[in-house]
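Observations on the three-dimensional arrangement
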Amino acid sequence: MPGSTFGELFRVTNFGESHGPAIGCVIDGCPPGLTLSEADIQRELDRRRPGTSRHVTQRNEPDAVEILSGVFEGMTTGTPICLLIRNTDQRSKDYANLLDTFRPGHADYTYWRKYGLRDPRGGGRSSARLTAPMVAAGAVARKWLRERHGTTFTGWMSALGEIEIPFEGLEHIPHNPFFAANATLVPRLEQHMDALRKAGDSCGARIEVRAMNVPAGLGDPLFDKLDADIAWAMMGINAVKGVEIGSGFGVVGELGSVHGDELTPEGFAANRAGGVLGGISTGQDLVVRIAIKPTSSIRTPRRSIDRELRPVRVETHGRHDPCVGIRATPIAEAMLALVVMDHALRHRAQCGDVRLDAPPIAGAMPPVGGG
């Protein structure tokens, strides 16, 4: 299937189906000499794993990663790295009634129109389960970027449905199932999810993700802009319907005298651009927000058609996230890391010899959680 490979110099080819024997990826272009173990990757997969709370799908997958190639004696060799994640808890019978019908809001109809046939089990290739290999690949990118440039990635949920989640502190993110940087609202978020699950419905979410200590100069000024590639990567995540960088859609109400981040000898006065100017990184935080639609697979009966274009009622059974955004934070972090990694290698290839007397500036950042 075309469209399964991501990146240019750090290339990730994703394979598998939601209910097949395994999913995984092949990473081509990882520099040699990076210390890498399965434990390095497993930490990130465990953050995305299903079945970790009552608010997400109860599919019980350990998501245990296996490194099949590209690592010798704990070190990357520069050859393709194959990562495998075996599926162990498929329940394909839950999808038997969907072979001839189409779930509203899902990819069932479009897959059928494109290929003439489809794998209805768990959504096949359109399943969010296929984000797991990207999280695994992102873990490799994150480690190289952290060791080479000190670059780190952090994300959190800033809205669950209509509930805005004010930022309180990064320390709260690991201690709740929503990846919320807020401890006060967790009981309300849990009540909201319990009510949705009881009603057989779903909701959307907004996720904010940041890359910190990003080298200045990544990206290109025209078709390979860093922010364009970030937007492309984020839109490749299942259920994402909108991407903002920096002020995002807020620029509509800003004046030029306010939006343009002023430069001072001490650095940038603000970061409304989100860390990118003219498609090239400024050295400030990359600030990205994504909007995730409500889960399409819900128990509420909906109108649809079958393959003979006859009207039917569709009610989706099985194990599904009432809000797919709950587990999206590690995915968004991974995709941002993959973009930065690819551009870091591309910059090194073309501009590795560029030297400037003036050091890069970063300057003031907006408050974490702000625009």
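A few points about the overall build of the protein
Broken down by element type, the protein carries seven helices and 18 strands. Scaling as 2.2 N^0.38, a compact globule of 371 residues should have a C-alpha radius of gyration of about 21 Å, and the protein matches this with 21 Å. Principal axes of the C-alpha set define a box for the protein whose edges measure 70 × 50 × 40 Å. Within the structure as shown, the protein displays about 17200 Å² of accessible surface, and the carbon and sulfur contribution to it stands at 55%. Each charge class in the protein can be summarised by its mean position, and for the 42 positive and 43 negative side chains these summaries are 7 Å apart.

Let's talk about unusual backbone geometry
Residues other than glycine seldom take positive phi values, yet Asn213 does so here, at roughly 60°. Within the secondary structure layout, Asn213 lies in the loop between strand E10 (205-212) and helix H5 (226-235). In the Ramachandran plot, Leu309 falls in the positive-phi region, its phi being about 65° despite a non-glycine side chain. Structurally, Leu309 can be placed in the loop between strand E17 (302-305) and strand E18 (311-314).

Looking at the environment of Pro32
For Pro32, the position within the fold is in the loop between strand E3 (22-28) and helix H1 (38-48). A sequence separation of 112 residues divides Pro32 from Trp144, and the C-alpha atoms of the two residues are 10 Å apart. Those residues in contact with Pro32, other than ones at most four positions away along the chain, are Thr76, Thr77 and Gly78.

Overview of the sheet that holds strand E16 (residues 286-292)
As summarised here, the arrangement of the five strands in space is E9-E8-E10-E16-E11, forming an open sheet in which the pairing is antiparallel. Two strands close off the open sheet at either side, each with one partner strand: strand E9 (163-164) and strand E11 (240-245).

Description of the pairing of E3
Of all seven residues making up E3, five are buried, and the element is well covered by its neighbours. Taking the residues between adjacent antiparallel strands as the criterion, strand E2 (residues 11-16) and E3 are bridged by five residues. Pairing of E3 with strand E7 (residues 81-86), which is carried by six bridges, proceeds in the antiparallel orientation. Counterpart to Gly24 in the pairing with E7 is Leu84.

Things to note about the side chain of Asn14
Inspection of the secondary structure puts Asn14 in strand E2. Within the structure, the side chain of Asn14 is placed 2.8 Å from the side chain of Arg125, a separation counted as a polar contact. At 2.8 Å, the side chain of Asn14 forms a polar contact with the backbone oxygen of Leu130. Excluding its chain neighbours within four sequence positions, the residues that come into contact with Asn14 are Ser4, Gly24, Cys25, Arg125, Leu130, Pro133 and Met134.

Focus on the nonpolar core
Within the largest apolar cluster, 73 residues are counted, with the highest numbers of intra-cluster contacts made by Phe10, Ile27, Ile41, Met234, Ile290 and Leu336. Ranked by residue count, the leading element in this core is helix H7 (residues 328-351), at 13 residues. Among residues more than four places away in sequence, those in contact with Ile27 are Phe10, Arg11, Val12, Thr79, Pro80, Ile81, Leu83, Ala137 and Val140.

How each quantity is defined
Residues numbered from 1 in each chain as written. Predicted model: local features only at pLDDT ≥ 70, side-chain atom pairs only at ≥ 80, totals over all residues. Heavy atoms only, no water. Helix = DSSP H or I, 4+ residues; strand = E, 2+ residues; numbered from the N terminus. Rg over C-alpha atoms; globule rule 2.2 N^0.38 Å. Areas by Shrake-Rupley, 256 points an atom, 1.4 Å probe, with all protein chains shown as cover. Lys, Arg positive; Asp, Glu negative; His and termini not counted. Charge placed at Lys NZ, Arg CZ, Asp CG, Glu CD. Contact = heavy atoms within 4.5 Å. Pairing = 2+ DSSP bridges. Buried < 20%, exposed > 50% of the residue type's maximum accessible area, 1.4 Å probe, protein only. Polar contact = N/O pair within 3.5 Å; in protein donor to acceptor, adjacent residues only side chain to side chain. Core = buried A, V, L, I, M, F, W, Y, C linked by side-chain atoms within 4.5 Å.

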